[in-house]
Each structure stands twice: as structure tokens, then as C-alpha cells.
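# Chain and residue survey
These are the residues of each chain, in order.
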Amino acid sequence: MGERWEVRRAGATNAPHRVLMIPGGLCTTEFYADVMAEPAVAGLGMVAATQPGFGRTEAPEDVSMEHYARLMADFAADAGCDAVVGHSLGANVALEMAAQGLFDGPLVLLSPTFSRSDEARFLTVLNALGRVPGVGAAAWKAMITLLPRSVKREMPPHRAEALAAVMGGNDPAACRRIVRGYYAYLDRYPSLVPRLCGSGVPAWVVRGDRDGIGLTADERQGLEACPRVRMVTVPDAGHLLLVEQPAAVATVIAEAATASVR
């Protein structure tokens, strides 16, 4: 495929269902380790793949969301996956896989963003600063240094150091490019709810009850009106629900992967 992949595998080798797990921005497969170890998903074949450009992987020349959707759809096909889980930016990539008709299996979207206004304010500001000559590079370098420390409070204490180290190991220049492409994508669509609903793909939209990513009343109403979309709220969880409440997330993944929804 021409990209440098970082991959983690778990579960049954002869499982009837295989799930691709896509980490979010600045994250690697390490963020799925706890979910993949849960008993609820032991009967599934699982493969997690870091999106090229995050962690220690090399970013592709084309960092548009549409290109990432094609990359991950090709990976899913090669790995024989019939369901996809995505977190944060990875959830939006999974959504776009379905919207482009590149994947038609069940999706589990962990804290996706459905419009530009839903995004975290700090990331919106950082993306704007990233475009300023002489300032952008320094701003991103500072963020990669500081963000891991600030999000430790959202992580289980026994995992915080390892997960923060993963986030701090990203290349600021690559992240700056990828996030710029991501915001260009959000600017193309006032709302991504119609893209998800119009895909006809069964999807579980999963959010923590204290998620910092917004969801407008209109977006929620639109999602609840989609017959193939199911809304799930995970108690006592924020944006990093997959590491905060891995058992609850694993239960949803098992339900989605084995549901008779096609």
C-alpha cells in the first residue's frame, strides 16, 4: 500500500467477524489495547491500524480526509474486516469510508465530529495559528509538548504515562498538515449527519456523557431520525471513552460486529 503501518492484532484467528479499529488524531493502536483485551470482544478478530502520519508512522503526501478514507478502506479489505471502529478523527475517517461507498459494514463511531462548530475550541484556534508564517510551526510544537500532560486527567492512572508518551511522540509538522486537511473537510460540509444517514450503513454513534466534542440539537435530531443509526451514551466518560470505559465500548463493538443488520 506504500504506507508505513503500525498494526496491533488480537482476538480469535478464525473468528466469523473481523473488526478494523482506527485510532484518533495523535493516537496509535496503543489506545485500543484495553478495549481489545476485554472479554466481550474475545470472539472477534481484531486489527487496529494507526493512521499514517500519527505516532511514528509516515504521513502520506495527500492528507485529505477523502484520501485517508480510501487508505483505511483498502486496509480493511486487505485485512478481511467486515466492521470498522473509529475514534475521534478516526471516527470521521470511518464515516467518510461509508459516505464514499468504500465500506458497507457496521460502523462504531466513538466521539465523531459532525460539524466544524462541534470541534474543540483549542484545536480550531491551533489550526488557525498553524497558518500564520513564523508562528504555526512553534504553536504546533508547543501543543505536542503540552497536550499529553493536560489530557492525563482523562486517562486511567495506570495507563496515563504510556498513552501520554504516545501523543507526545508525534511529528508536529505532520499533525499540522493533517489537521489543516481535516478542517478543510469540515468546511466542505455544514453537517456530516446527512452523509452518514445517506450512506445507508448501520452505525453506532457512541459518546461519553461528558464529551468535550459538541453535538447540536439539530444534529442529534437528525441522527435519531436515521433508522440505521443508534445513539449510545457511555456514563462517566469524556472524549477518551475507549480508555476510560473500555468494557462499555467493547460491549458496543461486539453488538455492532455481530448484529444482523445487512
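Above this text you will find the structure in question.
Since the structure is predicted, the reported quantities are computational estimates derived from the model, not experimental observations.

### Describing the overall build of the protein
- Helix and strand counts for the protein stand at 11 helices and seven strands.
- For 262 residues, the compact-globule formula gives about 18 Å, and the C-alpha radius of gyration of the protein, at 17 Å, lands near that figure.
- By its C-alpha atoms, the protein is 55 × 40 × 40 Å across when sized along the principal axes.
- Relative to its full complement of 262 residues, the protein shows a buried share of 55%.
- Across the protein, contacts joining residues at least 24 apart in sequence account for 76% of those joining residues at least 6 apart.
- Total accessible area on the protein stands at roughly 10,800 Å², and carbon and sulfur atoms take up 53% of it.

### Let's talk about the sheet that holds strand S6 (residues 203-208)
- The seven strands are arranged S1-S3-S2-S4-S5-S6-S7 in an open sheet whose pairing can be described as mixed. Both outer strands of the open sheet, strand S1 (7-11) and strand S7 (229-234), are each paired with one neighbouring strand and no more. Taking each pair of neighbouring strands and ignoring which way they run, the sheet shows an average axis angle of 15 degrees.
- Of the strand pairs in this sheet, S6 and S7 are connected by six bridges, and their pairing is parallel. The partner of Arg207 across the bridge, within S7, is Thr233.

### A look at the state of the cysteines
- According to the stated counting rule, one finds one disulfide in the structure shown.
- Put simply, Cys197 and Cys226 are joined by a disulfide, and their sulfur atoms are 1.7 Å apart. Taking the sign of the S-S torsion, 80 degrees for the link of Cys197 and Cys226, the bridge is right-handed. Taken as a pair, Cys197 in helix H8 (residues 193-199) and Cys226 in the loop between helix H9 (217-225) and S7 lie far apart in primary sequence, 29 residues in all.
- Judged by its relative accessible area of 10%, Cys226 falls in the buried class.
- Cysteine Cys27 is unpaired, with the sulfur of Cys175 as its nearest cysteine sulfur at 10.0 Å.

### Considerations on the pattern of salt bridges
- One pass over the structure, following the stated rule, counts 10 salt bridges.
- Put simply, Asp34 and Arg159 hold a salt bridge, and the shortest N to O gap is 2.8 Å. One end of the pair, Asp34, is in helix H1 (residues 33-36); the other, Arg159, is in helix H6 (residues 157-168), and 125 residues separate them in sequence. Here Asp34 matches Arg159 in class, with each residue buried.
- Notably, a salt bridge pairs Glu244 with Arg210, separated by 3.1 Å at the nearest N-O pair. In this pair, Glu244 sits in helix H10 (residues 241-244) while Arg210 sits in the loop between S6 and H9, placing the two residues 34 residues apart along the sequence.
- The partly exposed category is assigned to Arg210, whose relative accessible area is 45%.

### Thoughts on the nonpolar core
- Leu20, Met21, Phe31, Met97, Leu107, Leu196 and Ile253 are the most contacted members of the largest nonpolar core, which totals 89 residues.
- Of all the elements, helix H2 (residues 65-79) adds the most residues to this core, at nine residues.
- Other than its neighbours up to four places away in sequence, Ile253 contacts Val19, Met21, Val35, Val41, Leu44, Val85 and Val108.

### A short note on unusual backbone geometry
- One non-glycine residue, Ser111, adopts positive backbone phi at about 55 degrees.
- Along the polypeptide, Ser111 turns up in the loop between strand S5 (107-110) and helix H4 (121-129).
- Phi angles above zero are rare outside glycine, and Asp236 is one such case at about 55 degrees.

### Here's the deal with the environment of Pro194
- Position of Pro194 among the secondary structure elements: in helix H8.
- Taking the C-alpha atoms as reference points, Pro194 and Asp236, separated by 42 residues in sequence, lie 29 Å from one another.

### Focus on the packing of H4 against helix H7 (residues 172-188)
- For the pair H4 and H7, the least separation of the axes is 10 Å and the interaxial angle reads 110 degrees. Taken together, the axis directions place H4 and H7 in an arrangement best described as roughly perpendicular. Mapping the contact onto sequence places Leu123, Thr124 and Asn127 in H4 and Val179, Arg180, Tyr182 and Tyr183 in H7.
- Looking at the contact of H4 with H7, its residues break down into four nonpolar, two polar and one charged.

### Observations regarding helix H3 (residues 89-99)
- Within H3, 10 of the 11 residues are buried, which leaves the element mostly enclosed by the surrounding structure.
- Looking at the buried side of H3, the elements it contacts are strand S2 (18-22), H2, strand S4 (83-87), S5, H7 and H8.
- Phi turns positive one or two residues past the end of H3, at Gly101, with a value near 75 degrees.

Quick notes on the rules
The written sequence of each chain sets the order in which its residues are numbered from 1. The model is predicted, so local features are restricted to residues of pLDDT at least 70 and side-chain atom pairs to those at 80 or more, both for listing and for counting; the totals for chains, interfaces and linings are taken over all residues. Values shown for side chains rest on all heavy atoms present in the structure; no hydrogens or waters enter the calculation. Strands here mean DSSP runs of E at least two residues long; helices mean DSSP runs of H or I at least four residues long; both are numbered from the N terminus. Just to be clear, the radius of gyration here is over C-alpha atoms, and the globule rule we use is 2.2 Å times residues to the power 0.38. Partly exposed describes any residue whose relative accessible area lies between the buried limit of under 20% and the exposed limit of over 50%, with all areas from a 1.4 Å probe on protein chains only and scaled to the type maximum. In what follows, a contact means two residues having at least one pair of non-hydrogen atoms within 4.5 Å. Accessibility throughout is a Shrake-Rupley quantity obtained with a 1.4 Å probe, and a residue counts as covered only by protein chains that appear here. At least two DSSP bridges between two strands are required for those strands to pair. Whenever a helix is involved, its axis is fitted only over the stretch in contact; in every case the axis is a line through C-alpha atoms, and angles between N-to-C directions fall within 0 to 180 degrees. Any two cysteine sulfur atoms lying within 2.5 Å of each other are counted as a disulfide. By definition here, a salt bridge exists when the distance from a side-chain nitrogen of Lys or Arg to a carboxyl oxygen of Asp or Glu is within 4 Å. To form a nonpolar core, buried Ala, Val, Leu, Ile, Met, Phe, Trp, Tyr and Cys residues must be joined to one another through side-chain atoms within 4.5 Å. In these notes the angle categories are as follows: under 35 degrees is roughly parallel, over 145 is roughly antiparallel, 65 to 115 is roughly perpendicular, and the rest is oblique. The classification used treats Ala, Val, Leu, Ile, Met, Phe, Trp, Tyr, Cys and Pro as nonpolar, Asp, Glu, Lys and Arg as charged, and all other residues, Gly among them, as polar.

From the geometry alone we can't say anything about function, so treat these as descriptive.
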